[in-house]
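Commentary on secondary and tertiary structure
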Amino acid sequence: MEVPALWPYHAVLMITGFLLLSTGMLIARYMKREQWWLKVHETIAISGAIIVISGLLMAIYMVSSSTGIHFRVPHTYLGAIVIIFVAMTPILGYAQLKSESIGMKIRTIHRWSGRIALVLIFLNMLSGILLVGIIG
Ligand code: HEM
Ligand code: HEM
């Protein structure tokens, strides 16, 4: 199968975004003893989310300027689901801090939405790598 020539730009953005989001998650998990953890978690996670969204825009552009057929392969469907979690998680992150009453419930959802986002990004990264034929 032909893959769009611009794929390396898309892949680099997605892999960088994944690394930032993973770092953000590890800080929330293991650095809570430090008083700076929340600020750093927030900044790194938001940067990761922005880079993943940029990777999405790159993907849409690259498909438009090659085959023009969006949603051609399963990678794109999983990619669309990934984007929903990556957009939703930071919103929940801020929301949990705004509301005292339902903050704890939102916190649980934020944690799970973040974890699911990371697992799905990882799987879609593998699917992208298989798609372009670096491995497999
Ligand atoms: C990890 C997160 C990733 C996400 C969320 C993601 C998401 C997407 C989306 C939504 C599209 C479809 C764009 C459209 O149809 O308009 C796409 C296409 C594509 N992605 Fe990714 N991607 C990721 C990683 C990767 C990686 C690491 C590679 C390569 C190593 C890759 C290679 C490709 C290729 C070749 C296409 C074009 C498929 C086609 O020709 O229809 N992706 N990606
Ligand atoms: C896409 C971006 C984000 C991801 C993937 C993410 C992911 C996570 C994950 C996985 C945890 C749980 C860590 C653990 O296992 O203990 C967590 C905790 C937390 N996150 Fe985020 N996060 C993101 C953005 C944000 C933002 C923007 C804020 C707002 C300041 C935020 C605030 C928090 C807080 C307060 C906790 C602590 C909850 C607790 O465990 O007590 N997060 N985040």
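None of these values were measured; they are calculated from a predicted model.

Relative to the elements of secondary structure, His110 occurs in helix 4 (residues 103-132). Sequence-distant contacts of His110, defined by excluding residues within four places in its chain, comprise Thr89, Leu92, Gly93 and Gln96.

On to the site of ligand 2, then. What surrounds ligand 2 is a group of 24 residues, the closest being Ala28, Glu42, Ala45, Gly93 and Gly114. Listed by contribution, the elements that provide at least two residues to the shell around ligand 2 are helix 1 (7-30), helix 2 (37-64), helix 3 (74-98) and helix 4. Looking at the shell around ligand 2, the element that brings in the most residues is helix 3, giving seven residues. The residue inventory of the shell around ligand 2, partitioned by class, reads 12 nonpolar, seven polar and five charged.

Before going further, it helps to examine the nonpolar core. Within the largest apolar cluster, 22 residues are counted, with the highest numbers of intra-cluster contacts made by Leu21, Val52, Val82, Val86, Ala117, Leu118 and Ile121. For this core, the secondary structure elements donating two or more residues are helix 1, helix 2, helix 3 and helix 4. The dominant element in this core, judged by the number of residues it contributes, is helix 2, at eight residues. Setting aside residues no more than four positions away along its own chain, Val52 makes contact with Met14, Gly17 and Val86.

This next bit is on the site of ligand 1. Around ligand 1 there are 29 residues in total, and Ala11, His70, Thr76, Gly79 and Gly128 lie nearest to it. Of all the secondary-structure elements, those providing two or more residues to the shell around ligand 1 are helix 1, helix 2, helix 3 and helix 4. Of the residues in the shell around ligand 1, the class split is 20 nonpolar, eight polar and one charged.

The subject of this paragraph is unusual backbone geometry. Despite not being glycine, Phe71 shows a phi value in the positive range, around 55°. Mapped onto the fold, Phe71 is located in the loop between helix 2 and helix 3. Looking at Phe71, the number of C-beta atoms within 10 Å reads 11, which means it is exposed.

This part covers helix 3. For helix 3, built from 25 residues, the straight-helix expectation of 36 Å at 1.5 Å per residue is met to within 8% by its first-to-last C-alpha distance of 37 Å. Inspection of helix 3 places His75, Gly79, Val82, Ile83, Phe85, Val86, Thr89, Pro90 and Gly93 among the buried residues, and these make up the whole buried set. On its buried face, helix 3 is in contact with helix 2 and helix 4.

Another point: the packing of helix 1 against helix 2. Remark: helix 1 packs on helix 2, axes separated minimally by 8 Å, with the N-to-C direction vectors making an angle of 160°. Taken together, helix 1 and helix 2 sit at an angle that is classed as roughly antiparallel. In the packing of helix 1 onto helix 2, the handedness of the crossing is left-handed. Looking at the contact of helix 1 with helix 2 residue by residue, the class counts come to 17 nonpolar, 10 polar and no charged.

Quick look at helix 4 now. For the α-helix, the turn length of 3.6 residues means that residues three or four positions removed from each other point alike. Compared with the 44 Å implied by 1.5 Å per residue over 30 residues, the 42 Å span of helix 4 between its first and last C-alpha is a close match. The complete set of buried residues in helix 4 reads His110, Ser113, Gly114, Ala117, Leu118, Ile121, Asn124 and Gly128. Its buried side turned inward, helix 4 meets helix 1 and helix 3. Looking at the residues trailing helix 4, positive phi occurs at Gly133, about 80°.

The next subject is the packing of helix 3 against helix 4. Where helix 3 contacts helix 4, the axes come no closer than 8 Å and their chain directions differ by 155°. Judged on the interaxial angle alone, helix 4 and helix 3 are roughly antiparallel. Two packed elements cross with a definite hand, and for helix 3 against helix 4 that hand is left-handed. Its residues placed into classes, the contact of helix 3 with helix 4 shows 18 nonpolar, 12 polar and one charged.

Rules behind the numbers
Residues numbered from 1 in each chain as written. Chains lettered and ligands numbered in written order. Predicted model: local features only at pLDDT ≥ 70, side-chain atom pairs only at ≥ 80, totals over all residues. Helix = DSSP H or I, 4+ residues; strand = E, 2+ residues; numbered from the N terminus. Contact = placed C-beta atoms within 7 Å. Near = placed C-beta within 6 Å. Nonpolar A, V, L, I, M, F, W, Y, C, P; charged D, E, K, R; others polar. Core = buried A, V, L, I, M, F, W, Y, C linked by C-beta atoms within 7 Å. Buried ≥ 20, exposed ≤ 12 C-beta atoms within 10 Å, placed from the backbone. Expected span 1.5 Å × (residues − 1). Axes fitted to C-alpha atoms, helices over the stretch in contact; angles between N-to-C directions. Parallel < 35°, antiparallel > 145°, perpendicular 65-115°, else oblique. Left-handed = near helix turned anticlockwise from the far one by under 90°.

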